[in-house]
Amino acid sequence: MAVLMVLMVLILGIRGFFGRLLAFLLWQLPIALAWTWPRRGVLVARRAARLVCLGIWHWLCAQGALLRASPLAFYSMLGRRRDWLVAKVEYLHSESSKWRAMWTAIKMPYTVLRYFGLSPQMALGLLAVGGTAGGGVVVNETVFADRSFTRGDAGVYSAPADIPTFYSDADNTLRIDLGTTPIGEIVIENVSVGTAYAGSALPSGQSNVIMIGGSATSSGFVGTWLEVGHLIVDRWRCTSFEMSDIEAHTLNIRYNASDGQSISPVAGTPRARAIGGGNRADSMVTSGGTYDQIRIGTPSSGVNGRVDVLRLSNLLTKGGPCVLSRIKAGTIDVEYLEVGAGNGFATKEFVIATSTVYKIASITDNVEVSISPP
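The notes below deal with the structure included here.

Calculation rules
- Residues numbered from 1 in each chain as written.
- Predicted model: local features only at pLDDT ≥ 70, side-chain atom pairs only at ≥ 80, totals over all residues.
- Heavy atoms only, no water.
- Salt bridge = Lys/Arg side-chain N within 4 Å of Asp/Glu carboxyl O.
- Buried < 20%, exposed > 50% of the residue type's maximum accessible area, 1.4 Å probe, protein only.
- Helix = DSSP H or I, 4+ residues; strand = E, 2+ residues; numbered from the N terminus.
- Phe/Tyr/Trp six-rings, centres within 6.5 Å; stacked < 30°, edge-to-face > 60°.
- Lys NZ or Arg CZ within 6 Å of the ring centre and 35° of its normal.
- Contact = heavy atoms within 4.5 Å.
- Pairing = 2+ DSSP bridges.

Quick look at the pattern of salt bridges
Next, step 1: Within this structure, the stated rule accounts for 9 salt bridges.
Next, step 2: The residue D83 makes a salt bridge to R82 at a minimum N-O spacing of 3.0 Å.
Next, step 3: Among the residues examined, R82 registers a relative accessible area of 46% and is labelled partly exposed.
Next, step 4: One continuous salt-bridge network, built from bridges that share partners, spans E227, R273 and R306.

Some thoughts on unusual backbone geometry
Next, step 1: The step from A159 to P160 runs through a cis peptide bond, and the omega angle for that step is 10°.
Next, step 2: Secondary-structure assignment places P160 in the loop between β3 (155-158) and β4 (173-177).
Next, step 3: One non-glycine residue with positive phi stands out, namely D245, at about 50°.
Next, step 4: When you line up the elements, D245 lands in strand β8 (residues 240-254).
Next, step 5: In this structure, Y255 is a non-glycine residue whose phi angle is positive, near 65°.
Next, step 6: Along the chain, Y255 turns up in the loop between β8 and β9 (257-258).
Next, step 7: Exposure remark for Y255: the relative accessible area of 34% places this residue in the partly exposed category.

Some points on the packing of aromatic side chains
Next, step 1: Under the definition given, this model contains 4 aromatic pairs.
Next, step 2: Ring geometry for W236 versus F241: centroids 5.9 Å apart, planes at 80°, classification edge-to-face.
Next, step 3: Using a relative accessible area of 1% as the deciding quantity, one classes W236 as buried.
Next, step 4: The rings of W236, F241 and F350 are connected pair by pair, giving a single aromatic cluster.
Next, step 5: Over the face of the ring belonging to W225 we find R326, whose NZ or CZ atom lies 4.4 Å from the ring centre.
Next, step 6: Between the NZ or CZ atom of K328 and the centre of the ring of W225, over which it lies, the distance is 4.8 Å.

Points about the environment of A216
Next, step 1: Following the sequence through the fold, A216 ends up in the loop between β6 (210-213) and β7 (226-238).
Next, step 2: Taking the C-alpha atoms as reference points, A216 and S325, separated by 109 residues in sequence, lie 9.4 Å from one another.
Next, step 3: Leaving out residues up to four positions away in the same chain, A216 has contacts with F221, G223 and R326.

Some remarks on the pairing of strand β18 (residues 356-364)
Next, step 1: Across 8 bridges, the pairing between β8 and β18 is parallel. Within β18, the position partnered with T250 by the bridge is I360.
Next, step 2: Taken together, the 2 bridges between strand β11 (residues 266-267) and β18 define a ladder with parallel strand orientation. Paired with V266 across the bridge in β18 is V357.

Here it is in structure tokens:
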């Protein structure tokens, strides 16, 4: 209180503009902020709430009076409200359909090219050329865009980079190199691999169409493993399929058909596993494409690759085996595969080797049927 009295004396002692300014800043404004404006706001809000409540009450009374006086008029009023709401919903549905039709028309050229068997890379490359105008070729800037894992371009990718560290027009291999950075999710789906499409061939010196896993110890190289929280392998079409040197806490081998099979995993004590790592890398997802080979591995000596979810779905392969090896996983699902070379049941094309170790297993509904290469 004494401090306020001293301030008032100083303010009264200063005349003119500065005195009025100090009085406003040190007295009038604090009082307005602390009392006048909040009190006025409460009064305004109370008055507005009272008016809203009175309005609702009068409206309810009016509707009750209308219902009592003429039920038919009341029903007509409800019908008008209903028609107004339905008209708005129909308008929104109509606008949504128009936008959907517009986007469908925009992407139709790409859809048509994919329908005729072109890969996503080739389809995008053709669409990048916008046409000719006045005798000159108009080229879209997409022609000069970097290759991308998301767009389905082949190359060598150091996970989690979306741009390849190396690529060659003569090499159509999709390769992902895993290192010290844990990856949240890798998804590859709806692709054709190996000699499953016209003009394709396996890379020189390679015999496997798909290779997933770590690398064995060799001279000057410390062996590595691919650590996975959940490995999902589903809807593959392979000439042959093999799993070896696998440790899985939960192993599900279900609903697979093969032209000869040998399923001989061994019970053990692999631990449950999931891949965290705090600020881990973003997911890598690609859908659609054609490749000579798919490889996901750990090329650095002594450095295991780590992926929480690895999903490989709907892969059509031809020309060589599909191989999974040197993997430590929490859960492995191998489901709905069709494997066969058309050479009878005596030759085992679907192989789960004895070096595959599990703690919990569900192995059911795997059948032998005659299946020829795609």
